Amino acid sequence: MSIGNRNRREFLLGASVVIANAAARPLLIRDASKINPDLITAVGDRTSARKSMAQTTQSDSRKATARGKMRGLMVDAGRVPETIAYYRRVIEFCADWELNTLQFRLADDQGSVMRFASVPDLVTHRNAFTPEQLKSLAEYGQSHGVDLIPELESFGHTGYITRSSAYAHLLDREATGSSEFTGIIPVNPESLQLFEKLYREVAATFPSIYLHGGCDEVNWGGSMLSRKALQTKTRAQIWAEFLNSLNQISAGLGKQFIVWGDIVLHKEPEILGQLSKNIIVMDWNYSDNSSARFRETFQKVSANGSRGIGAPALSCYKWGARVGTEQLRNIDAYADAYLETKDPNSLGVILTNWVPSRYVQNSIWDGFAYAAVAFNDGTGTAQTSGFRRFVEKHYRAKWNEVWDEVFHMIYDAAPYMKDRETASWMGLLLPVPWSNDEELTALLKDASPCPNPFTRIRSLLVQLEPLVAKNLSDFQAFGLCIEYLDRMFWREGVVIEQAARKPLERETTDLLIQSIAERDRELAEALTKDWDTGRFPDSAAKLEPVFDLQPKDQLLFQWERATAYSASLASHPDRFYQLVRRAKPI
């Protein structure tokens, strides 16, 4: 299946939000490696046969190049821990789809998912794991041909350290820096002493030859020690010296050190030339879909004598429950840039995937599968048959035009948060379900309901469910995700429609809020059941606002808030009537 970069406004406004006329879609084609040139010759098309064989040779060469590199996924356990059983399933998925690497994030500002014995006073998740549990998980990965690379944040995203009263004095936030980010004092000897202990435990737990130190999105320089150091050294010098020191610790433990590339490649590129050449730079950029630009960035890394890893994203800051077509193009661009080159300094590509509480746990396997096909067989194959392969392999279902329409629609309709780099936006903006008087009033004053393509997708899924012969619970999780999106846009549209009615009838508004409250409750129960099946029932991300996560990042928690609010309005329908009446357009 091919999903192109169509104009999203045309998609959303055209023909009752049906993505495209079926006749206008590219034909589904088989992998070029399976085309029989003799058959083509037999019907007289010798030119096509030669072209097919050339494409097959090129495809085989590309596959051979990719096979020698990292091809993997990332799990964000540091923000929202999930169960060992789920992580084992991710490992099994990697093995099944010929992925050889799983990057395992151990900590972030929200807490550590590993219980460290040498440094017991860290902010640790209530559902954190012992080193023995994580070592067993890494060994399970090894037995499946999947290398678990541990990532421990070591400069920015270090709230798991500095939010502890024992280490609050190491916080190095610069008042003029981004309020989103944190940092630890790089020139305080205690920082390196701390990481030497932490790295030692991580190295003993994970047998991988790699250790990822994070070091992205850092806000530092505000402490007295840092300000004093900046009087005699540049920021780039201090950066490089700190990362080089972390690398020395890592190397002393027999590990090859990886850092994120946003600062050292893009924001302060003068750092790169001062880094030890054996530090591996992992480049992430979720706002660009240009393979040429990513190649240029990698060439900068390679020319420096360093090695690089490409890091596209599935779920990232732009998205909520589902990601859009643009994100597939981000995956494609990184796969092309890092997996087609024979430069040995390209170690491969790892698909990042952030903040699990944004999405229904088992609803995104199709995105992982698309990336696996792009990494292993090339982006052309992924675009023409990636989702067909997923349906046939994961659901063991026969591919047809309905599946085709579903995957076109869900990726093109995915609601998107307008990001810092985007001057204008033409698609569905990502909402958070209204859950208080202020949010409801603001929505009603806007008085411009968005189209809701998700009702159509749900109706298509009803037709497809009888075809699913394997992993039915995953298909149902996918359906639950679509139901969530459908309900979220429905409850917005229906109150806007009600407010526009003339005259506004009290009986109608009473019935409406009762209907909204009942539907909210039913969905909350379904989402809770799903969470408790695959995640920890007492997870902080389920029960309370989590430090430094936005409302859009906690799908279930925010829906529970919305459910409680609609229930309170249903119990006092006069309040709802008055809110709608006051916001009614004149």
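Given the structure is predicted, the values throughout are model-derived calculations rather than measurements.

Participant: Tell me about the overall build of the chain, and please be specific about residues and values.
Facilitator: Scanning the chain from N- to C-terminus turns up 22 helices and eleven strands. Relative to its full complement of 586 residues, the chain shows a buried share of 59%. If you take every contact in the chain between residues at least 6 apart in sequence, the share linking residues at least 24 apart comes to 78%. Entry remark: accessible area of the chain is about 23400 Å², with carbon and sulfur atoms responsible for 51%.

Participant: Could you give me a rundown of the packing of helix 12 (residues 325-339) against helix 13 (residues 365-377), with the residues and numbers involved?
Facilitator: It is the contact of helix 12 with helix 13, at a shortest axis distance of 9 Å, that shows an interaxial angle of 25°. The pairing of helix 12 with helix 13 is recorded here as roughly parallel in orientation. Two packed elements cross with a definite hand, and for helix 12 against helix 13 that hand is right-handed. Across from Leu328, Arg329, Ile331, Asp332, Ala335 and Leu339 in helix 12, the residues of helix 13 making contact are Tyr370, Ala371, Ala374 and Phe375. For the contact of helix 12 with helix 13, the residue count by class is eight nonpolar, no polar and two charged.

Participant: Describe the packing of aromatic side chains, listing the residues and the values that go with them.
Facilitator: Overall, the coordinates contain 35 aromatic pairs when judged by the stated rule. Judged by centre distance (6.0 Å) and plane angle (90°), the rings of Trp434 and Tyr565 are edge-to-face. Within this pair, whereas Trp434 is found in the loop between helix 15 (401-413) and helix 16 (437-446), its partner Tyr565 is found in helix 21 (residues 555-571), the two being separated by 131 residues in sequence. The pair formed by Trp434 and Tyr565 is uniform in burial state, with each residue classed as buried.

Participant: Explain unusual backbone geometry to me, and be specific about the residues and the numbers.
Facilitator: Look at the link from Lys502 to Pro503: it is a cis peptide, with omega at -5°. Its location among the elements puts Pro503 in the loop between helix 18 (472-499) and helix 19 (506-534). Its identity as a non-glycine residue notwithstanding, Glu217 has a phi of 50°, on the positive side. Locating Glu217 in the fold gives a position in the loop between strand 7 (210-212) and helix 8 (224-229).

Participant: Go over the side chain of Asp288 with me, naming the residues and quoting the values.
Facilitator: Note on placement: Asp288 falls in the loop between strand 9 (280-284) and helix 11 (291-303). A relative accessible area of 11% places Asp288 in the buried class. Only 3.0 Å separates the side chain of Asp288 from the backbone nitrogen of Ser290, close enough to count as a polar contact.

Participant: Give a detailed account of the packing of helix 5 (residues 131-143) against helix 7 (residues 189-205), specifying residues and quantitative values.
Facilitator: Angle between the axes and distance between the axes: these two values describe a pair of packed helices. Remark: helix 5 packs on helix 7, axes separated minimally by 8 Å, with the N-to-C direction vectors making an angle of 45°. Comparing the axis directions of helix 5 and helix 7 gives the class oblique. Here Pro131, Leu134, Lys135 and Ala138 of helix 5 come into contact with helix 7, specifically with Glu201, Ala204 and Thr205. When its residues are assigned to classes, the contact of helix 5 with helix 7 shows four nonpolar, one polar and two charged.

Participant: Give me the nonpolar core: which residues, what numbers.
Facilitator: With 158 residues, the main nonpolar core has Phe104, Leu198, Trp239, Phe375 and Trp403 as its most contacted residues. Residues within four places of Trp403 in sequence aside, it is in contact with Val391, Tyr395, Ala397, Lys398, Leu464, Leu467, Val468 and Phe475. Judged by nonpolar contacts, the second largest core, of 21 residues, contains Leu444, Ala499, Phe576 and Val580.

Participant: Which residues make up the pairing of strand 10 (residues 307-311), and what values go with them?
Facilitator: Of all five residues that make up strand 10, five are buried, and the element is covered over most of its length. A two-sided burial pattern is seen for strand 10, the buried positions comprising Arg307, Ile309 and Ala311 on one face and Gly308 and Gly310 on the other. Across five bridges, strand 9 lies against strand 10 in parallel orientation. Bridging across to strand 10, Ile280 finds its partner in Arg307. A crossover connection joins strand 9 to the parallel strand 10 through helix 11; in handedness this β-α-β unit is right-handed. Sheet analysis places strand 10 next to strand 11 (residues 346-351), joined by three bridges and oriented parallel. Bridging from a neighbouring strand, Gly308 pairs with Ser346 of strand 11. Handedness of the crossover joining strand 10 and strand 11 through helix 12: right-handed.

Participant: Which residues make up the sheet that holds strand 4 (residues 111-114), and what values go with them?
Facilitator: Taken together, the three strands give an open sheet; going across it, the order is 3-4-5, and neighbouring strands pair in mixed fashion. Bordering the open sheet on either side are strand 3 (107-108) and strand 5 (124-129), each of which pairs with just one other strand. Here two bridges tie strand 3 to strand 4, and the two strands are oriented antiparallel to one another. The residue bridging Asp108 from the neighbouring strand is Gly111, located in strand 4. Docked against the sheet, helix 5 engages strand 4 and strand 5, running at close to 50° with respect to strand 5.

Conventions used here
Residues numbered from 1 in each chain as written. Predicted model: local features only at pLDDT ≥ 70, side-chain atom pairs only at ≥ 80, totals over all residues. Heavy atoms only, no water. Helix = DSSP H or I, 4+ residues; strand = E, 2+ residues; numbered from the N terminus. Buried < 20%, exposed > 50% of the residue type's maximum accessible area, 1.4 Å probe, protein only. Contact = heavy atoms within 4.5 Å. Areas by Shrake-Rupley, 256 points an atom, 1.4 Å probe, with all protein chains shown as cover. Axes fitted to C-alpha atoms, helices over the stretch in contact; angles between N-to-C directions. Parallel < 35°, antiparallel > 145°, perpendicular 65-115°, else oblique. Left-handed = near helix turned anticlockwise from the far one by under 90°. Nonpolar A, V, L, I, M, F, W, Y, C, P; charged D, E, K, R; others polar. Phe/Tyr/Trp six-rings, centres within 6.5 Å; stacked < 30°, edge-to-face > 60°. Polar contact = N/O pair within 3.5 Å; in protein donor to acceptor, adjacent residues only side chain to side chain. Core = buried A, V, L, I, M, F, W, Y, C linked by side-chain atoms within 4.5 Å. Pairing = 2+ DSSP bridges. Right-handed = clockwise from strand over helix to strand, strands pointing away.

Just distances and angles here, no functional claims.
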